[in-house]
Amino acid sequence: METKETLVKETGREEQLQFLRFLAFLNVYIGHAESWIFFRYPASNCSAAAVSFFFMLSGLVTSYSAWGKDVHLGIRDFGNYLWKKLKKVYPLYFFTIMYTFLYAGQSHLTALADPDRFPRQLIRNLLLIQSWFPEGYFSYNGVAWFLSSLLFLWVITLPVLALLNWLTRHPRGPVLLLGSLAAVLFCTASYCYLTKGLDMDFWQYIFPPARMGEYIGGMILGILLRRWKPRLPKGRAIRILFTLLEAGAMCYWFFKLSHGGGSWRSRVYAWLVPDLILLTVFTLGAGWFSRLFRLRPLVRLGDISFECFLIHQVFLVQYTVYHPDPDNSLVGNAMVFLYCLLLSMLLAGLIHKFSASGKRRGSREPATSPKS
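Visitor: Tell me about the side chain of N27, and please be specific about residues and values.
Guide: Within the element layout of this structure, N27 appears in helix α2 (residues 16–32). Beyond its immediate chain neighbours, meaning those up to four positions away, N27 contacts Y41, C46, S47, A50, W253, F254 and L257.

Set out below in structure tokens:
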């Protein structure tokens, strides 16, 4: 019978990270629903902090799950890798872009049938290249720029994995990896400082290469933790120690929301160390908080985080379009905040369940290719 430890070893999935993913989505939601917040929360920085966490987490889970696997750099390998990634996310992405075009675009729908008036911004969005342009990156579904930037990071993933595998096999692999992690974080901090005189919203937050440091730093961290975790001692003392570390890491991350610094620090730089600490202690997963986060209901919340992330802005913007005059009462704000959140989670759960059932049906279909 397979144990949880065996399953993690084979799949490279640390389920306690899923609930952290959902908590990060909640911070994005709070940032976008700031007009209807009915409780005290440092909302001004929470979206930037959560997005930084998403980029680093994406890098970590990519390398963590690829541990011990050969990496091939052929054109077909690139194509297969990108197709595997895109087919998971693009259908829902496409729907949200075309749906929000109904009310968020400046062009009349008849422009879709006129080559001369076809909106160029819609083409950029559909091609997932909007984050390369200093205007229009928040168009239609405002959070969709994240996938545009993530697509660039997927393109560089296989070469970076090949390099990390080479470093891992080196006799001084751990030292080289730690040095690489420090260098990546230093270069990211330097980039943020050197671009402080530019349009920082674009050049630090949106521009795809600006997020390489978080993503590659997460990949290096994933390799290191996959090496170290099997050597972690067991026992009650370790469990207590890591429970304290997990509590401290979460408190530090939330503390930084109110102390992210201004100017060039608040978009990327301020979140590098908090993300690094939080992901390290929870990937090792030795504390009681990790055990709690591995409960099935919490993991399921994490499983629908991507769908929630891509959907929630649709409801918030549409509500604003049809209700431009806000109800500033506490009850009114709470109703809007909770209604749009719960509706996003409900639809996300239905979409995720439909997608998962389709995968299960596909896995039961007999092979159609001829035998060799």
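Visitor: So, the packing of aromatic side chains: which residues are in play, and what are the values?
Guide: Tallying each qualifying case throughout the model produces 33 aromatic pairs. Centroid distance F22 to F25: 5.9 Å. Interplanar angle 45 degrees. Geometry classified as tilted. With F22 and F25 both in helix α2, this residue pair falls three residues apart, about one helical turn. Accessibility classification places F22 together with F25 in one group, the buried group. When the ring of Y193 is compared with that of W264, the centres are 5.4 Å apart and the planes differ by 85 degrees; the resulting orientation is edge-to-face. With Y193 in helix α7 (residues 173–194) and W264 in the loop between α10 (236–257) and α11 (272–284), this pair connects stretches of sequence that are 71 residues apart. Take W264: its relative accessible area is 11%, and that puts it in the buried class. When the ring centre of F133 is taken as origin, the NZ or CZ atom of R124, which lies over that ring, is 3.8 Å away. Its end group placed over the ring of Y64, R226 keeps NZ or CZ at 4.8 Å from the ring centre.

Visitor: Now, about a nonpolar patch on the surface: what can you tell me, with residues and values included?
Guide: Taken together, the side chains of F38, F39, L330, L338 and L342 present a nonpolar region at the surface, about 450 Å² in accessible area. By the secondary structure assignment, L330 is in helix α15 (residues 330–364). Residue classification places L330 among the exposed residues on the basis of a relative accessible area of 57%.

Visitor: I'd love a proper account of the pattern of salt bridges, names of residues and values included.
Guide: Working definition: two side chains of opposite charge can pair if their charged atoms are close together. Evaluation of the coordinates by the stated rule reveals six salt bridges. Between R296 and E15 there is a salt bridge, and its shortest N-O distance comes to 3.5 Å. With R296 in helix α13 (residues 296–303) and E15 in the loop between α1 (4–11) and α2, the pair connects residues that are 281 residues apart, well separated along the chain. E214 is the salt-bridge partner of R211, the closest N and O atoms lying 2.8 Å from each other. Note on accessibility: R211 and E214 belong to one class, buried. The network of salt bridges with common partners includes E15, R296 and D303.

Visitor: Report on the side chain of T100, specifying residues and quantitative values.
Guide: Inspection of the secondary structure assignment puts T100 in helix α4 (residues 75–104). The exposure class of T100 is buried, given its relative accessible area of 2%. In this structure the side chain of T100 is engaged in a polar contact, spanning 3.1 Å, whose partner is the backbone oxygen of I97. Here the side chain of T100 touches N141 through a polar contact of 3.4 Å, landing on its backbone nitrogen.

Visitor: Tell me about empty space enclosed by the protein, and name the residues and values.
Guide: Scanning the model with the defined rule gives one cavity of 30 Å³ or more in all. Reported here for the largest cavity is a volume of approximately 100 Å³. Lining the largest cavity we find L20, L23, A24, N27, F53, M250, W253, F254 and L278. The greatest single-element share of the lining of the largest cavity, amounting to four residues, is contributed by α2.

Visitor: Quick rundown of the state of the cysteines? Include the residues and the values.
Guide: All told, the structure shown has zero disulfides when counted by the stated rule. Looking at C46, it has no disulfide partner, and the nearest cysteine sulfur is the one in C308, 16 Å off. Considering cysteine sulfurs only, C192 is the nearest to C187, which forms no disulfide, with 11 Å between them.

What counts, and at which threshold
Residue positions are given per chain, counting from 1 as you read along its sequence in written order. Note on the predicted model: pLDDT of at least 70 is required for a residue's local features to be given, and 80 or more for side-chain atom pairs to be given and counted; whole-chain, interface and lining totals, by contrast, use all residues. Note: side-chain values were computed over all heavy atoms of the structure, leaving out hydrogens and water. Working definition: helices are DSSP H or I runs of at least four residues, strands are E runs of at least two. Numbering for both runs from the N terminus. Contacts were defined at the residue level, with two residues in contact if any of their heavy atoms lie within 4.5 Å. Note on ring pairs: Phe, Tyr and Trp rings are taken, using the six-membered ring of Trp, and paired if centres are within 6.5 Å. Classes follow the plane angle, with under 30 degrees stacked, over 60 edge-to-face and the rest tilted. Relative accessible area decides the class of each residue, using a 1.4 Å probe on protein chains only: under 20% of the type maximum gives buried, over 50% gives exposed, and in between gives partly exposed. Over a ring means this: the NZ of a Lys or the CZ of an Arg is within 6 Å of the ring centre and within 35 degrees of the ring normal. Exposure above 30% relative accessible area and the lack of any salt bridge qualify a residue for a patch; like charges then connect within 9 Å, and the nonpolar side chains Val, Leu, Ile, Met, Phe, Trp and Tyr within 5 Å. With residues, only the protein chains shown are counted as cover, and all accessible areas are computed by Shrake-Rupley using a 1.4 Å probe. We define a salt bridge as a side-chain nitrogen of Lys or Arg found within 4 Å of a carboxyl oxygen belonging to Asp or Glu. Side-chain atoms alone can form a polar contact between residues adjacent in sequence; in general such a contact is a pair of N or O atoms within 3.5 Å, and within protein one must be able to donate a hydrogen while the other accepts it. Lining residues are those with an atom within 4 Å of a point, where the points come from a 1 Å grid over the protein atoms alone and group into cavities, where a 1.4 Å probe fits but cannot get out, or pockets, open sets with protein on both sides within 12 Å along at least five of seven lines. Grid points are joined across faces, edges and corners, and a volume is the space filled by probe spheres set on the points. Cysteine sulfur atoms that pair up within 2.5 Å are treated as a disulfide.

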